[in-house]
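# Structural overview for review
Residues per chain are reported as follows:
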Amino acid sequence: EEKSFVSANYIFTEGKRLEAMAFRLLDIIVTKRMDVEKQKINTEKLFNYLRELYGECETTKIKCQYEPAIVLAESDLLKSVLINLVDNACKASKEGGRVEILGRKRKDGYLFAVRDYGMGIAEEEYDKITNAFYMVDKSRSRSKNGAGLGLALCVEILKLHNSRLNIESKLGEGSCFSFVLPWEEVTGNEMALED
């Protein structure tokens, strides 16, 4: 009963997040506005959210490693980028495979990275995979409810944050998708910031 309640709560929360994001994306597309309302986001809360969201994943082992910091981004859009990248990593992994979600402070910004040890991507596919509706393995993507929109959406969201999606991959060995956002140290009054 408790598990059903928690699951129902996640369905409701994610439904509301997707609804809010749909309206936000519609606003971006229709008005062609190239600005986002950035908030200070506590990475600890963000990674806890991802850990809880993927904690019950039965087919893939999800591991989060991060350094606490405050990043500047629009919360729902940042969550969408990370969820898209993690979902893709899970789809590319074999059953029981490992997916790592990483957060690191660097001089040039806060690095977010999602790494899998799955099928990997050929180098000649790098430029194509961020095109809308393009899928490296169409049969695999269709069977796992893929539409080929996730990475294209990630690229557009990151552009709005003055960032870009970096791709490293080796066929048969796995992939790492990463991006960098501005960050600052966590202070006492920012410990309670919403994610």
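Above this text sits the structure in question.
To keep things clear, this report deals only with the structure shown in the data block.

So, about the overall build of the protein chain. Scanning the protein chain for helices and strands turns up 5 helices and 8 strands. Going from N to C terminus, the protein chain has its helices and strands arranged as α-β-α-β-β-α-β-β-α-α-β-β-β. Intrachain contacts of the protein chain at a sequence separation of at least 6 include 74% that bridge at least 24 residues. A total accessible area of about 11,200 Å² is found for the protein chain, and carbon and sulfur atoms account for 53% of it.

Let us now look at the sheet that holds strand 5 (residues 109-116). Spatially, the 5 strands line up as an open sheet ordered 2-4-5-7-6, and their pairing is mixed. In the strand order of this sheet, the two ends are held by strand 2 (60-66) and strand 6 (166-170), each with one partner. Averaged over all pairs of adjacent strands, the angle between their axes in this sheet comes to 15°, without regard to strand direction. Relative to strand 7 (residues 174-181), strand 6 is paired through 5 bridges, and the arrangement is antiparallel. Across the sheet, the residue bridging to Lys170 is Gly174, located in strand 7. Against the sheet, helix 3 (residues 75-92) makes contact with strand 2, strand 4 (97-106), strand 5 and strand 7, and its axis sits at roughly 25° relative to strand 5, the strand it touches most.

Turning next to the environment of Glu173. In this structure, Glu173 sits in the loop between strand 6 and strand 7. Sequence separation between Glu173 and Gly118 is 55 residues, and the spatial gap between their C-alpha atoms is 5.9 Å.

Relative to the helices and strands, Arg51 is located in helix 2 (residues 43-54). The spacing of Arg51 and Lys63 is 12 residues in sequence and 7.8 Å in space, taken between C-alpha atoms. Setting aside residues up to four positions removed in sequence, Arg51 forms contacts with Cys64 and Tyr66. At 2.7 Å, the side chain of Arg51 and the side chain of Asn48 are in polar contact.

Counted under the stated rule, the structure contains 4 aromatic pairs. Their ring planes at 20° and their centres at 5.1 Å tell us that Phe112 and Phe179 sit as a pair that is stacked. One end of the pair, Phe112, is in strand 5; the other, Phe179, is in strand 7, and 67 residues separate them in sequence. Of the two residues examined, Phe112 and Phe179, each falls in the buried class. Clustering of aromatic rings is evident, with ring pairs tying together Phe47, Tyr66, Tyr110, Phe112 and Phe179. In this structure, Lys79 is placed above the aromatic ring of Tyr49, and the distance from its NZ or CZ to the ring centre is 4.3 Å. The ring of Tyr117 carries the charged tip of Arg98 above its face, separated from the ring centre by 4.3 Å.

With that settled, consider the packing of helix 3 against helix 5 (residues 150-160). Direction vectors running N to C along helix 3 and helix 5 enclose 150°, while the axes themselves pass 9 Å from each other. When the interaxial angle is binned, helix 3 and helix 5 end up roughly antiparallel. The two elements helix 3 and helix 5 meet at a crossing, and its hand is left-handed. In contact with Leu77, Ser80, Val81, Asn84, Leu85 and Asn88 of helix 3, helix 5 contributes Gly150, Leu151, Leu153, Cys154, Ile157 and Leu158. Partitioning the contact of helix 3 with helix 5 into residue classes produces 8 nonpolar, 4 polar and no charged.

Analysis parameters
- Along every chain, residues carry numbers that run from 1 in the direction the sequence is written.
- In keeping with the predicted nature of the model, local features appear solely for residues at pLDDT of at least 70, side-chain atom pairs appear and are counted solely at 80 or more, and the whole-chain, interface and lining totals rest on all residues.
- Here the side-chain values reflect all heavy atoms present in the structure, with hydrogen atoms and water set aside.
- Secondary structure elements are defined from DSSP: runs of H or I of at least 4 residues count as helices, runs of E of at least 2 residues count as strands, and each element is numbered from the N terminus.
- We call two residues in contact when some of their heavy atoms are within 4.5 Å.
- Per-residue and other accessible areas follow the Shrake-Rupley method at a 1.4 Å probe size, with only the shown protein chains counted as cover for residues.
- In this description, strands pair whenever DSSP reports at least two bridges between them.
- Simply put, an axis is a line fit to the C-alpha atoms, just over the touching stretch for a helix, and the angle between two N-to-C directions goes from 0 to 180 degrees.
- Whenever two N or O atoms come within 3.5 Å, that pair is a polar contact, provided that in protein one can donate a hydrogen and the other can accept it, and provided that, for residues adjacent in sequence, both atoms are side-chain atoms.
- Side-chain rings of Phe, Tyr and Trp (the six-membered ring for Trp) are treated as a pair once their centres are within 6.5 Å; stacked means planes under 30 degrees apart, edge-to-face means over 60, and tilted covers the remaining angles.
- Only protein chains enter the area calculation, which uses a 1.4 Å probe; residues under 20% of their type maximum are buried, those over 50% are exposed, and those in between are partly exposed.
- Over a ring means this: the NZ of a Lys or the CZ of an Arg is within 6 Å of the ring centre and within 35 degrees of the ring normal.
- For classification purposes, angles smaller than 35 degrees are called roughly parallel, those larger than 145 roughly antiparallel, those between 65 and 115 roughly perpendicular, and all remaining angles oblique.
- It is the rotation of the near helix from the far one that decides the hand of a crossing: anticlockwise by less than a right angle makes it left-handed, clockwise makes it right-handed.
- As a working rule, the residues Ala, Val, Leu, Ile, Met, Phe, Trp, Tyr, Cys and Pro are called nonpolar, Asp, Glu, Lys and Arg charged, and the rest polar, with Gly in that last group.

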